[in-house]
Amino acid sequence: MAFTKKTVRDADVDGKRVLMRVDFNVPLKDGVVTDDTRVRAALPTIQYLLDHNAKVILMSHLGRPDGTGFQPELSLRPAAEKLAELLGREVKFVEDTYGEKAREAVDALKDGEVLVLENVRFDKREKKNDPEIAKILASYGDIFVLDAFGTAHRAQGSVVGPAAYLPAYAGFLLEKEVDTLTSIFSNPERPLVAIVGGSKVSSKIGVLDHLIDSADTLIIGGGMAYTFFLAKGYTVGTSLQEPDWIERAGEMLKKAEEKGVKILLPVDNVVTDHFGEDAVGEVVPSDQIPADRMGMDIGPKTVELYTEAIKGAKTVFWNGPMGVFEFDQFAKGTEAIARAVADANCTSIIGGGDSVAAVNKFHLADKMSWISTGGGASMELVEGKALPGVEALLDA
């Protein structure tokens, strides 16, 4: 399924003011960017615009401000500094988004220069997609470019707003994300093995459903596995569980069986008596979890089973950890899966969120075919939903 919207290649940007929504929602520590993945992801589009003599005005959110004004610890200034370092050229920054100072900075911009506006969420109207906000932002540009895949699923002021007033195009990152994530399900090289982890069945229900329709094998790990155990009649002790979703989990197991899709659930688990870094783990079979224990990771037999399934894959989609990988001793399952995917002779697609954090933690990013920059947005695409940010762009 090819990308159906116009991209920056279709726009004449020479000497134009290009207002671009990027995703610079980066982690900061003491005013320094600790992971620049998202800034790097926007570089191809920014560089293209600069090479074609545009004035580039960038906007993004960062974190979750109160929306009542400036909060120094959530300023985009460190992201602007990181961008300057990566581009090897000056990047202007203005501590304002919708006011006079922002307007003056935009007016002073010359061809081939870059300006970063302050955090769009310092004003709570951004999240409400207030038309006033969209109008102010649109007034800064001649053309609007959306390259913030990570927020493309949110109908917010800076994401969809300017498209109502300006010709709107996709950046290269957005195009590649949508293309990659839709093509693996429309026409994958088989076998397609999908790995889904994370804590809740409820938050991934649409994804799981869609994967049963398209995958050959579906591997389940993480906290959501325990709700599937309950559907199979096992007891799960004090493990994470969603009683309201037991029936739905059971229906999925049945649907997979009817469609001839193999669902792999953990056969053993690492359990502990409390949730903590210091908890002592022991391995038990999935149908023998003690009443006073909680699951923290998949066990060694499960790792073998899952690794074997991944080895034979031609396409792998992975979203969600296998256990509490933030604690090193319960990261073994997630690390083993990450290594299996990295070593497999396949197209590997990592669907955002915690899986990306895991891949980075184990330094395996360069072994993956595609790492999505958006957690929620990639999940909605996988579910087959349309993304509001993409919908608002010009049709090709």
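Just so it is clear, the structure is predicted and the values come from calculations on it, not from any experiment.

> In this structure, what is going on with the sheet that holds strand S13 (residues 282-285)? I would like to understand it.
Strand pairs in the sheet, formed through backbone hydrogen bonds, run parallel or antiparallel to each other. Strand order in the open sheet formed by three strands is S13-S12-S14, and the pairing between neighbours is antiparallel. At either end of the open sheet lies a strand with only one pairing partner, and these are S13 and strand S14 (294-298). Each adjacent strand pair in this sheet contributes to an overall mean axis angle of 45°, direction not counted.

> Any chance you could explain the UniProt feature "binding site: (2R)-3-phosphoglycerate" (unreviewed entry) in the chain here in plain terms?
Mapped onto the present numbering, the UniProt feature "binding site: (2R)-3-phosphoglycerate" (unreviewed entry) falls at Arg38, Arg121 and Arg154. Along the polypeptide, Arg38 turns up in helix H1 (residues 37-51). Look past the residues within four positions of Arg38 in its chain and what remains in contact with it is Asp23, Phe24, Asn25, Val26 and Thr373. The exposure class of Arg154 is partly exposed, given its relative accessible area of 36%.

> Looking at this structure, how should I read the UniProt feature "binding site: substrate" (unreviewed entry) in the chain?
When the UniProt feature table is mapped to this numbering, "binding site: substrate" (unreviewed entry) covers Asp23, Phe24, Asn25, Arg38, His61, Leu62, Gly63, Arg64, Arg121 and Arg154. Within the element layout of this structure, Asp23 appears in the loop between strand S1 (17-21) and strand S2 (28-29). Excluding residues that lie within four positions of it along the chain, Asp23 makes contacts with Arg38, Ser60, His61, Ala148, Gly150 and Thr373. Among the polar contacts made by the side chain of Asp23, one reaches the main-chain amide nitrogen of Asn25 at a distance of 3.1 Å.

> Help me out: how do you make sense of the nonpolar core in this one?
Considering soluble globular proteins, one finds that nonpolar side chains tend to be buried as a cluster. Formed by 73 residues in total, the largest nonpolar core has its most connected members in Leu117, Leu208, Leu211, Leu218, Ile220, Phe228 and Phe317. Here this core takes six residues from helix H6 (residues 172-186), the largest share from any one element. When residues of this core are assigned to domains, at least three map to each of domain 1 (8-171) and domain 2 (180-383). Ignoring anything within four residues of it in the chain, the contact list for Leu211 reads Phe185, Ala194, Val196, Leu218, Phe317 and Val382.

> So what exactly am I meant to see when it comes to the pairing of strand S12 (residues 268-272) here?
Successive side chains on a regular strand alternate, one facing one side of the sheet and the next facing the other. By the criterion of burial, S12 is predominantly enclosed, with five of the five residues buried. Sheet topology note: the S12/S13 ladder contains four bridges and is antiparallel. Among the inter-strand pairings, Val271 is bridged to a residue of S13, identified as Glu282. Of the strand pairs in this sheet, S12 and S14 are connected by four bridges, and their pairing is antiparallel. Residue Asn269 lies in a different strand from S14, and its bridge partner there is Ile298.

> Honestly, the side chain of Asp209 in this entry has me stumped. Any pointers?
Structurally, Asp209 can be placed in helix H7 (residues 205-214). There is a polar contact of 2.6 Å between the side chain of Asp209 and the side chain of Arg248. Excluding residues that lie within four positions of it along the chain, Asp209 makes contacts with Arg248, Met252 and Lys255.

The rules behind the values
- Residues numbered from 1 in each chain as written.
- Predicted model: local features only at pLDDT ≥ 70, side-chain atom pairs only at ≥ 80, totals over all residues.
- Heavy atoms only, no water.
- Pairing = 2+ DSSP bridges.
- Helix = DSSP H or I, 4+ residues; strand = E, 2+ residues; numbered from the N terminus.
- Axes fitted to C-alpha atoms, helices over the stretch in contact; angles between N-to-C directions.
- UniProt positions renumbered as here; feature names shortened; annotations may be inferred.
- Contact = heavy atoms within 4.5 Å.
- Buried < 20%, exposed > 50% of the residue type's maximum accessible area, 1.4 Å probe, protein only.
- Polar contact = N/O pair within 3.5 Å; in protein donor to acceptor, adjacent residues only side chain to side chain.
- Core = buried A, V, L, I, M, F, W, Y, C linked by side-chain atoms within 4.5 Å.
- Domains from an automatic or database assignment.

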